[in-house]
Amino acid sequence: MFGLSLSKILLTALVIWLVWMLFKRIGGVARQGAARPSPAERARAAAEEVTRRQSAETEKAAGAALELQACPTCGSYGTPGSTCHCGYKHPSA
Ligand SMILES: [Zn+2]
C-alpha cells in the first residue's frame, strides 16, 4: 500500500519541480514592476541604512547631553533629578 515505486518518486519530483517553476515565474512577474536592484545597489542601500542608524544613535546621544540643566545658583550642569554639589536639586524632566 505504501510501496515507494520509482514512478511515484518521479511523479513527486515532477510536481515539486512544476510548483517550483510556477513560484519562480510568479516571483519574476511581481518583481518586474519594481525594477529589481542589482547586488551593487543593494549593498549601497544597506550601507546607507547602517549610516542612517549610526547617525540616529549619535543624535540620540546628543539629545541626552542637551537634557543637562544648569544650576541657577552655581551654574554647573546636572542631569534632571540629580542634586547639585551646592545643594540645589535639579527638577526631574
Ligand atoms: Zn549648583
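Within each chain, residue numbers correspond to sequence positions counted from 1 in written order. Where totals are concerned, whole chains, interfaces and linings use all residues; where local detail is concerned, this predicted model gives features only for residues with pLDDT of at least 70, and gives and counts side-chain atom pairs only at 80 or more. Think of the side-chain values as coming from all heavy atoms in the structure, minus any hydrogens and water.

Engineer: Looking at this model, I keep getting lost on the overall build of the chain. Mind explaining?
Structural biologist: For the purposes of this entry, the term helix denotes a DSSP run of H or I that reaches at least four residues, the term strand denotes a run of E that reaches at least two, and both are numbered from the N terminus. The helix and strand tally for the chain stands at two helices and two strands. Counting helices and strands in the order they occur from the N terminus, the chain gives α-α-β-β. Each of the 93 residues in the chain was classed as buried or not, and the buried ones make up 5%. We call two residues contacting when some pair of their heavy atoms lies within 4.5 Å. Restricting to contacts in the chain with at least 6 residues of sequence separation, those with at least 24 account for 0%. Here the open area of atoms and residues is found with the Shrake-Rupley method and a 1.4 Å probe, where only the protein chains shown may cover a residue. Working note: accessible area of the chain is about 8,100 Å², and carbon and sulfur atoms make up 67% of it. Exposure categories follow from relative accessible area, calculated using a 1.4 Å probe and restricted to protein chains: below 20% of the type maximum is buried, above 50% is exposed, and the middle band is partly exposed.

Engineer: Just to check I follow, could you spell out the UniProt feature "transmembrane region" (unreviewed entry) in the chain for this structure?
Structural biologist: Taking the UniProt record as the reference, the feature "transmembrane region" (unreviewed entry) is found at residues 6-23. The distance from the first to the last C-alpha atom of residues 6-23 is 26 Å, and the span holds 100% helix and 0% strand. UniProt positions are given in the numbering used here, feature names are shortened, and annotations may be inferred rather than shown by experiment.

Engineer: How should the coordination of the zinc ion be read in this particular structure?
Structural biologist: As a benchmark, a tetrahedral metal site with four donors has ideal angles of 109.5 degrees, while an octahedral site with six donors has ideal angles of 90 or 180 degrees. Sites may look incomplete, because water is not among the atoms used; the donor set itself consists of N, O and S atoms within 2.8 Å of the metal (3.2 Å for Na, K and Ca). Listed as protein donors to the zinc ion are Cys71 (SG), Cys74 (SG), Cys84 (SG) and Cys86 (SG); their distances from the metal cover 2.2 to 2.3 Å. Only four donors with every angle between 85 and 135 degrees are called tetrahedral; only four or six donors with opposite donors over 155 degrees apart and all others between 65 and 115 are called square planar or octahedral, in that order; all others are irregular. Each of the four donor atoms around the zinc ion contributes to a set of angles spanning 101 to 119 degrees, which defines the coordination as tetrahedral. Mapped onto the polypeptide sequence, the residues donating to the zinc ion form the spacing pattern C-x2-C-x9-C-x1-C. Taken as a pair, Cys74 in the loop between β1 (69-70) and β2 (77-78) and Cys86 in the segment after β2 lie far apart in primary sequence, 12 residues in all.

Engineer: Teacher, can you tell me more about the pattern of salt bridges here?
Structural biologist: Two side chains with opposite charge may pair up if their charged atoms get near one another. Salt bridge, as applied in this entry: a Lys or Arg side-chain nitrogen positioned within 4 Å of an Asp or Glu carboxyl oxygen. Overall, the coordinates contain three salt bridges when judged by the stated rule. Ionic pairing is found between Glu49 and Arg52, a salt bridge with its closest N-O pair at 2.9 Å. With Glu49 and Arg52 both in helix α2 (residues 39-66) and three residues apart, the pair spans about one turn of that helix. Given the relative accessible area of 31%, Glu49 is considered partly exposed. Each of the salt bridges in this network shares a partner with another, and the network as a whole consists of Glu49, Arg52 and Arg53.

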